[in-house]
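Single-letter residue listing:
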Amino acid sequence: MNPIATPLTRRGFLGCTAATFPALSQNRAKPNVIVLMTDDQGYGDLSCHGNPVLKTPAMDRLHAESVRFTDFHSAPMCTPTRGQLLTGWDALHNGATSVTAGRAIVRRGIPMMPELFRASGYATGVFGKWHVGDTYPYRPMDRGFDVAKYHHGFGISSAVELGNDYANGRYQDNGVPKKFEGYCTDFWFDEAMRFMGDCASRKKPFFCYLPTNTPHGPAWVDPKYSKPYAGARQAANFFGMISNLNENMAKLETFLEQHGLKENTIYVFLTDNGGTGGVNVFNAGMRGRKTQLYHGGHRVPCFVRWPAGKLKAPSDSSVPAQMQDLLPTLIDLCGLKTPAGARFDGASLAKVLRGEAEQLDDRMLVVQYGQIIKKWESCVIWGKWRLVNGTELYNLQEDPAEKQDVAAQNEGVVQKMRAHYEAWWSRVEPALREYVPVVVGAPHQNPVHLCSADWQDIYCDNPNAVLSGAAGPQGGPWNILVDRDGEYEIALARWPFHDPLPLHASRPPQKLTYGALPEGKAFPIAGAKLTVAGQDLTAKAKLGDASVVFRVRLKAGTRTQMHGWFQDETGTDLCGAYYARVRRV
């Protein structure tokens, strides 16, 4: 069993000296590292895994050249998976337990994968989907990336990015909004290859994190990619996005070969959760899909290739493994510096990859995530056993489709797995109500923009929720932490500040390159209410105003909730403020 990691302060990590770290091997060049994670592509969405419709030759080639973990587990949704990958800590341990609802940020003070690579002399770059914190100090460049080209929120179509397009859209370049040309996935790969090529020319080892936002819906893609799958009906555009990904992976492979990078590059391919758009076509015989605790909700591909690394021959490994294992694994394979006393919830898979061990020490894994965290809403993994929701037991060796609950016939197994979960829960539960706050007023980012995706305990991160005016007459509160004393201007808006409209106006339907957004609902907004740091304020809106603006004094170190919503002329509550801008004056 793995111990729960001991929290480390950010000061403690960054303040470590070279003497604190184990010596790096000097007799070989450091390997480059690529971690490629696609979004919402399930285990069954590859032809090498038996999909009878989808063709993925580049992915299949990588599969054939890799050690493949066939019992590898993510969280059943994306942000928890990403936090686990980047920290080596369980989602309920690192704070990023959901995709929204104020739970999509990794806590401060936890060393993250790019920080460890950078501390070991690597150039670091991320290209695509970040989704573990949109504001300082949680942005990718605050967490160890030298080059950060990414979008906000869960995707280019998310609430925070409302109106953005998959083609010729908007992205963040180390926090500065810019326009990209072409299709988003093509752009991420092109920029990643540009970064790697620059590193190669400088003989600088690199860590390239390439988390694409596709094939997550909406399924917006050039019809030339989806046309071959027209017979798959609703899955056609989803498979089209995977076809485009496959094309880009082929280009990446050619790039690595032409630049002499293939041999000494550790290439890890993953997906972030169980299947979505393709499960009705093929789900590799599994029960469950994204968001669910059955096998199909969190079993994902994991291919690891390193031609010069003396790994064992390409083959399958049935070792039960998880996202949290990858950071300890890369630390071992790359000889990365680590803070003294650093511990992880995952375990290194290096010996398995090298063929030095067929199995790890006997251990149990816990898969749990959520917006509202409830005890026992989990899957405990122990070899062939799966304990779901604390009561259902499945033997995957005999029943890979999880059709037969065998808890009654295996009471001893259930007791052991429940006891492990009880001990695990006792360690993570105390911090579950500690929401990670959005920092406001820091000189590193002023103003700060917030949106409904970060309302506490409310699921409101997609464009349809904003467009339809969902989440009730008051919306929800944001958790904030004030960085500096001073006067603050807080603007509340119905529509995003990057595309302002009058408060009372509807949002016109929007035609995009490969898709469209429907009309956004109008409300008769005449004013707003704001509560923050014990202050209850009301203000009227003028006709044509795009926001209602308040001025308040806030004290440094104040950790509080900020809640804004709109009212009509009679004072009747209408809807939450889906967007806010907080600026220290």
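Residues numbered from 1 in each chain as written. Predicted model: local features only at pLDDT ≥ 70, side-chain atom pairs only at ≥ 80, totals over all residues. Heavy atoms only, no water.

K.L.:
Please give an account of the overall build of the chain that cites residues and values.
P.N.:
Scanning the chain from N- to C-terminus turns up 13 helices and 29 strands. For a compact globule of 585 residues, the expected C-alpha radius of gyration is about 25 Å, and the chain comes in at 24 Å, within 12% of that figure. Along the first, second and third principal axes, the C-alpha atoms of the chain reach 70 × 60 × 50 Å. Taking all 585 residues of the chain together, 61% fall into the buried category. When contacts within the chain are restricted to residue pairs at least 6 apart in sequence, long-range pairs at least 24 apart make up 71% of them. Looking at charge distribution, the chain has the averaged site of its 64 positive side-chain charges lying 4 Å from that of its 57 negative ones. (Helix = DSSP H or I, 4+ residues; strand = E, 2+ residues; numbered from the N terminus. Rg over C-alpha atoms; globule rule 2.2 N^0.38 Å. Buried < 20%, exposed > 50% of the residue type's maximum accessible area, 1.4 Å probe, protein only. Contact = heavy atoms within 4.5 Å. Lys, Arg positive; Asp, Glu negative; His and termini not counted. Charge placed at Lys NZ, Arg CZ, Asp CG, Glu CD.)

K.L.:
A description of helix H3 (residues 78-87) should follow, citing residues and the corresponding values.
P.N.:
Among the ten residues that make up H3, ten are buried, leaving the element largely enclosed by the rest of the structure. For H3, every residue scored as buried is listed here: Cys78, Thr79, Pro80, Thr81, Arg82, Gly83, Gln84, Leu85, Leu86 and Thr87. Where H3 ends, the next residue or the one after it, Gly88, has phi of about 75°, a positive value.

K.L.:
Any chance you could break down the sheet that holds strand E21 (residues 486-493) for me, citing the residues and the numbers?
P.N.:
Backbone-to-backbone hydrogen bonds join strands into a sheet, with any given pair of strands oriented parallel or antiparallel. Taken in spatial order, the four strands line up as E19-E29-E21-E26 in an open sheet, and their pairing is antiparallel. Two strands close off the open sheet at either side, each with one partner strand: strand E19 (448-451) and strand E26 (548-554). Each strand axis lies, on average, 20° off the axis of its neighbour in the sheet, ignoring direction. Bridge count between E21 and E26: seven bridges; the pairing is antiparallel. Its bridge partner lying in E26, Ile490 is registered against Phe550. (Pairing = 2+ DSSP bridges. Axes fitted to C-alpha atoms, helices over the stretch in contact; angles between N-to-C directions.)

K.L.:
A description of unusual backbone geometry should follow, citing residues and the corresponding values.
P.N.:
In this model, Thr214 is joined to Pro215 through a cis peptide bond whose omega is 10°. When you line up the elements, Pro215 lands in the loop between strand E8 (206-211) and helix H7 (223-226). In this structure, the amide linkage connecting Asn446 to the following residue, Pro447, adopts the cis form with an omega of 10°. Position of Pro447 among the secondary structure elements: in the loop between strand E18 (438-440) and E19. Of note in the backbone geometry, Asp40 takes a positive phi value of approximately 75° without being a glycine. With respect to the helices, strands and loops of the structure, Asp40 is situated in the loop between strand E1 (32-38) and helix H2 (57-64). Look at Trp376: it is not a glycine, yet its phi comes out positive at around 80°.

K.L.:
Please give an account of the layout of surface pockets that cites residues and values.
P.N.:
Computed from the structure, the largest pocket encloses a volume of approximately 700 Å³. What lines the largest pocket is a set of 36 residues, among which Asp134, His152, Val160, Gln172 and His449 lie closest to the centre. Mapped by element, the contributors of at least two residues to the lining of the largest pocket are strand E6 (170-173), E19 and strand E29 (579-584). The greatest single-element share of the lining of the largest pocket, amounting to four residues, is contributed by E19. Estimated volume of the second largest pocket: approximately 500 Å³. (1 Å grid on protein atoms, 1.4 Å probe; cavity = no way out; pocket = protein on both sides within 12 Å on 5 of 7 lines; lining within 4 Å. Points joined across faces, edges and corners; volume = space filled by probe spheres on them.)

K.L.:
Describe the side chain of Arg68, naming the residues involved and giving the relevant values.
P.N.:
With respect to the secondary-structure elements, Arg68 resides in strand E2 (residues 67-69). Residues contacting Arg68, with those up to four places away along its chain left out, are His63, Cys302, Phe303, Pro314, Ser315, Asp316 and Ser317.

K.L.:
An account of the environment of Gly121 is needed here, citing residue identities and associated values.
P.N.:
Inspection of the secondary structure assignment puts Gly121 in the loop between helix H5 (113-119) and strand E4 (123-129). Considered as a pair, Gly121 and Ala442 are 321 residues apart in the sequence and their alpha carbons are 29 Å apart. Those residues in contact with Gly121 that lie beyond four places of it in its chain are Lys30, Lys204 and Pro205.

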